[in-house]
Amino acid sequence: MFERLEILEKQYQEMQDKLASGKLEVKEMTNLLKESSAISETVETYRFFKNKSQELKDLEEMIEDESDHDLIDMANTEIDKLKNTLEKTEEKLKILLLPTDPNDEKNVIMEIKGAAGGDEGNIFAGDLFRMYSKYAESKGWKIEILSSMEGSMGGYTSIEFMITGKRIYSFLKYESGTHRVQRVPETESMGRVHTSTATVLVMPEAEEIELDIKWEDIRFDTYNSSGPGGQSVNTTKSAVRLTHIPSGLVVACQEGKSQHENKDKAFRLLKTRLFDSILQEQMDKEGAERKALIGRGDRSEKIRTYNYPQNRVSDHRIGLTLQRLDAVMEGRLDLIIEPLLNEFQKRMLTGEEL
C-alpha cells in the first residue's frame, strides 16, 4: 500500500511542478488540474500520515533517554493519541486507494416517474423531486429542470433534471431503482393506507470526448409547448423533440423560454441517455455489478420503502431502517447515503462478493 502511496505522491508533485511552470496550453492544464484534484486528498492524507509517524518516532526516541517521570508520562499519553490517529488515518488511506468509479466526479441527470398507484404515484414522484432538491440545496448543488410532465392531481408523471456541482454522481449513483411509499392518500375517504411507487434513474452526464454524436444522425422537430401558464405555452413552437435515428432514442424538452434553449437542453439529455445505455451494456456484459447488492442494480428493483404512518424509511439493500422519514423527506438524505457508501467500501475492503 505504501509503495503505491509513494508513487502517487511523486506523480502529484510532478503535476504541481508542471502547473506552476506556466508553460501549459489550456487543454493540458485543464486535464492536469482534473488529474491532480482526483488524487489530492489521498496525497494530503498520506503526507499527514507521514508527519504523524515522524512525530511518533521522535517521541519514542526521546523517552528512551529521558529520566523525568512526568515528562515520560506526558510523552506516553501523546504517543497513545498519535497511534490512535495513525490507525484511523491508515484506514482512511485504504478507502482512498479503493478503485474509483470514473464517473464519480460528474454531474448527473436524474429522471423520476410516477409508477404504480396512478395519481398517488405521481404525487410521490413530486415528493421525491422535492427531497432531492432539498438535498442538493444542502450540498450547494444546482438543479436545472430539463423536461417535466405534471400529474393531473399534482406531482409528476415524469420529470428530468440536471444536478451540477462537485462529485455528485459519487453521492447519488445508488439512488436508481423503484421507491415505494406507504401512506393514506389525500383522496382516500376511508383512511386506508395505500402502496404506490415511483422510479428513479440516475445517469452521469456525458462529456464531449466520450460520445461523438453527429447532427446528421438526429431528427429535429419543434412543436407548441403545453402546460400551465406562461406566454410561450401553445403559442410558439419553442418545444423541441430530438430523435437519434441509429438508436431510436427520443427526448423532448419544453422547459426553456426559447427554441434554442430547449434544443440545447434536449441535446444534453440525449447525450447522457446514449452514454447511460453504453454503461448499461457494459454492466450487462460484466455481470458482477448488475448482481451487486449495492450498486445500480436492476432498475425495477425495489430499493427503498417510505412508510408515513410509522415515520419509517427502509433501504432494503443493506437492511437499514430509520424512524427519521420526516428528516429524510426534508433533504437529510445523508442519513441513508452515508451508510450505503460505508457498506460498499467495507465490502470492497474485505473482498466480499457484493
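As annotated in an unreviewed UniProt entry, the protein chain carries the name Peptide chain release factor 1 and comes from Peloplasma aerotolerans. The record held by UniProt for the protein chain lists under Function (unreviewed entry) the comment "Peptide chain release factor 1 directs the termination of translation in response to the peptide chain termination codons UAG and UAA." The annotation that UniProt attaches to the protein chain under Subcellular location (unreviewed entry) is "Cytoplasm".

Focus: the overall build of the protein chain
Scanning the protein chain for helices and strands turns up eight helices and 11 strands. For the protein chain, the residues scored as buried account for 40% of the 354 residues in total. Summarising the internal contacts of the protein chain: among those between residues at least 6 apart in sequence, 61% fall at separations of at least 24.

Focus: the sheet that holds strand S3 (residues 156-164)
Ordered by their spatial adjacency, eight strands build an open sheet running S2-S3-S1-S5-S4-S9-S10-S11, and the pairing between neighbours is mixed. Two strands lie at the open edges of the sheet, namely strand S2 (142-150) and strand S11 (320-322), each paired on one side alone. Across the sheet, the axes of successive neighbouring strands diverge by a mean angle of 15°, strand direction being ignored. Two strands pair when backbone bridges link them, and strand S1 (residues 108-114) and strand S5 (residues 194-204) are joined in this way by seven bridges, in the antiparallel orientation. In the strand pairing of S5, Val108 is matched with Pro204.

Observations regarding the pattern of salt bridges
Scanning all chains against the criterion turns up 24 salt bridges. Between Glu160 and Arg273 there is a salt bridge whose closest N-O contact spans 2.5 Å. Of this pair, Glu160 sits in strand S3 while Arg273 sits in helix H6 (residues 259-286), and the two are 113 residues apart along the sequence. A relative accessible area of 16% means that Arg273 is categorised as buried. For Glu261, the salt bridge goes to Lys265, with nearest N and O atoms at 3.6 Å. A residue pair is termed a helical-turn pair when its members lie 3 or 4 positions apart in one helix, as Glu261 and Lys265 do in helix H6 at four residues. Exposure remark for Glu261: the relative accessible area of 31% places this residue in the partly exposed category. Using a relative accessible area of 5% as the deciding quantity, one classes Lys265 as buried.

A look at the sheet that holds strand S8 (residues 249-253)
With antiparallel pairing, three strands are arranged side by side in an open sheet as S6-S7-S8. Edge positions in the open sheet fall to strand S6 (218-223) and S8, since each of these has one partner strand only. Taken pair by pair, the neighbouring strands of this sheet meet at an average axis angle of 15°, ignoring direction. Strand direction decides the pairing type here: strand S7 (residues 239-244) and S8, joined by five bridges, are antiparallel. Looking across to S8, one finds that Arg241 is bridged to Ala252.

Basis of the calculations
- Residues numbered from 1 in each chain as written.
- Predicted model: local features only at pLDDT ≥ 70, side-chain atom pairs only at ≥ 80, totals over all residues.
- Heavy atoms only, no water.
- UniProt positions renumbered as here; feature names shortened; annotations may be inferred.
- Helix = DSSP H or I, 4+ residues; strand = E, 2+ residues; numbered from the N terminus.
- Buried < 20%, exposed > 50% of the residue type's maximum accessible area, 1.4 Å probe, protein only.
- Contact = heavy atoms within 4.5 Å.
- Pairing = 2+ DSSP bridges.
- Axes fitted to C-alpha atoms, helices over the stretch in contact; angles between N-to-C directions.
- Salt bridge = Lys/Arg side-chain N within 4 Å of Asp/Glu carboxyl O.

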